[in-house]
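A structural walkthrough
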Amino acid sequence: MSDFDSSDEQQMQEWYDRKTALMEEVLGPEYPMVMHALVPYAIGGGLDLFYYTERLPGTAVATKELSELPGQGSSNDVFRCYEFVMFTRQNLDLDSALDEHTPFGRMHQRLNAILNLLAPYSAEARINPYDTGAIPEDCPEVGGAALIFVAYPSIPEEEPAEFGLMAIIEILPSELEYAREKGGAQLIERLKAAGHYPYSDLDRDPVV
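The following paragraphs examine the structure supplied in this document. Since the model is a prediction, treat every value here as computed from it, not as a measurement.

**Some details on helix α2 (residues 103-124)**
The end-to-end C-alpha distance of α2, which contains 22 residues, comes to 33 Å, matching closely the 32 Å that a straight helix rising 1.5 Å per residue would cover. Along α2, the sharpest change in direction is near 25 degrees and occurs at L118; proline P120 comes one to four residues later. Residues of α2 that are buried include every one of F104, G105, M107, H108, L111, A113, I114, L115, L118, A119 and S122, and no others. Summarising the contacts, the buried residues of α2 are in contact with β1 (50-52), β2 (59-62), β3 (82-88), β5 (146-152) and β6 (164-171).

This is the structure:
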């Protein structure tokens, strides 16, 4: 390995460690087990998934491969680079993560599919807080899913911040329509008031 490669690898590890610490400040301690993809994301495979269970009830599922160096990778108006996170009320159960016949397995499969669809898209497009979107109907597993994006836990006071988390929240169709008419921030306030924020579980009544 060349000296340049060695230096680059060291920088990537230093950034990974710093990013891990920044994510734990928001999400709490990282769960000691990781769901590794069979084929690495960097060469066209799936994302590794990281889990957090101690800050909110349920499970937070996050990425760590959207930004491998500081200031590079997925970015938007408020973060120079960011990673995605999604939340479910289901308690972490990695033994059933691949079993779609279990509640956690079904939810994990859905979050995994959404994160893997949005990760490469975020490398090309600027996804900003309160943006909304709908996954095309012909996408396997999650076609038609309605989404809203949020800086988590909040938009930084000084923009753009060095690093942050963008939460992807799956919402109901009527909520997507409301966000597009009234603004994403108003929908988020309604989700918070109803106790549904920041979760993507849809076994609930719509807030609009």
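From this point, the narrative continues.
**Describing the sheet that holds β5**
With respect to topology, 6 strands assemble into an open sheet ordered β1-β2-β3-β6-β5-β4, the strand pairing being mixed. Because the sheet does not close on itself, it has two edges, and the strands there are β1 and β4 (132-134). Adjacent strand axes in the sheet meet at a mean angle of 30 degrees when their direction is disregarded. Bridge analysis of β2 against β3 gives 4 bridges, and the strand direction is antiparallel. Of the residues in β3, the one forming a bridge with A62 is V85. Those strands touched by helix α3 (residues 173-182) are β4, β5 and β6, and its axis lies near 140 degrees from that of β4. Sitting on the sheet, helix α4 (residues 184-193) touches β5 and β6, and the angle it makes with β5 is about 85 degrees.

**Topic: the pattern of salt bridges**
As enumerated under the stated definition, the model contains 6 salt bridges in all. The salt bridge involving K19 is made with E83; its shortest N-O contact spans 2.9 Å. One end of the pair, K19, is in helix α1 (residues 3-27); the other, E83, is in strand β3, and 64 residues separate them in sequence. Pair check on accessibility: K19 and E83 agree, each one buried.

Definitions and cut-offs
Along each chain, numbering runs from 1 in the same order as the chain's sequence is written. For this predicted model, a pLDDT threshold of at least 70 governs which residues receive local features, and a threshold of 80 or more governs which side-chain atom pairs are given and counted, while totals over whole chains, interfaces and linings are taken from all residues. To get the side-chain values, take all heavy atoms of the structure and skip hydrogens and water. Helix numbers and strand numbers start at the N terminus; a helix is a DSSP run of H or I with at least 4 residues, a strand a run of E with at least 2. To estimate the expected span of a helix, subtract one from its residue number and multiply by 1.5 Å. Bend is computed residue by residue as the angle between axes fitted to the seven residues ending at the residue and the seven residues starting at it. In this scheme, a residue with accessible area under 20% of its type's maximum is buried, one over 50% is exposed, and one in between is partly exposed, where area comes from a 1.4 Å probe on protein chains only. The contact criterion used is simple: two residues touch if any of their non-hydrogen atoms lie within 4.5 Å. At least two DSSP bridges between two strands are required for those strands to pair. Note on definitions: angles span 0 to 180 degrees between N-to-C directions of axes, and those axes are lines fitted to C-alpha atoms, for helices only across the stretch in contact. By definition, a salt bridge exists where a carboxyl oxygen of Asp or Glu is found within 4 Å of a side-chain nitrogen of Lys or Arg.

That is the geometry; function is a separate question.
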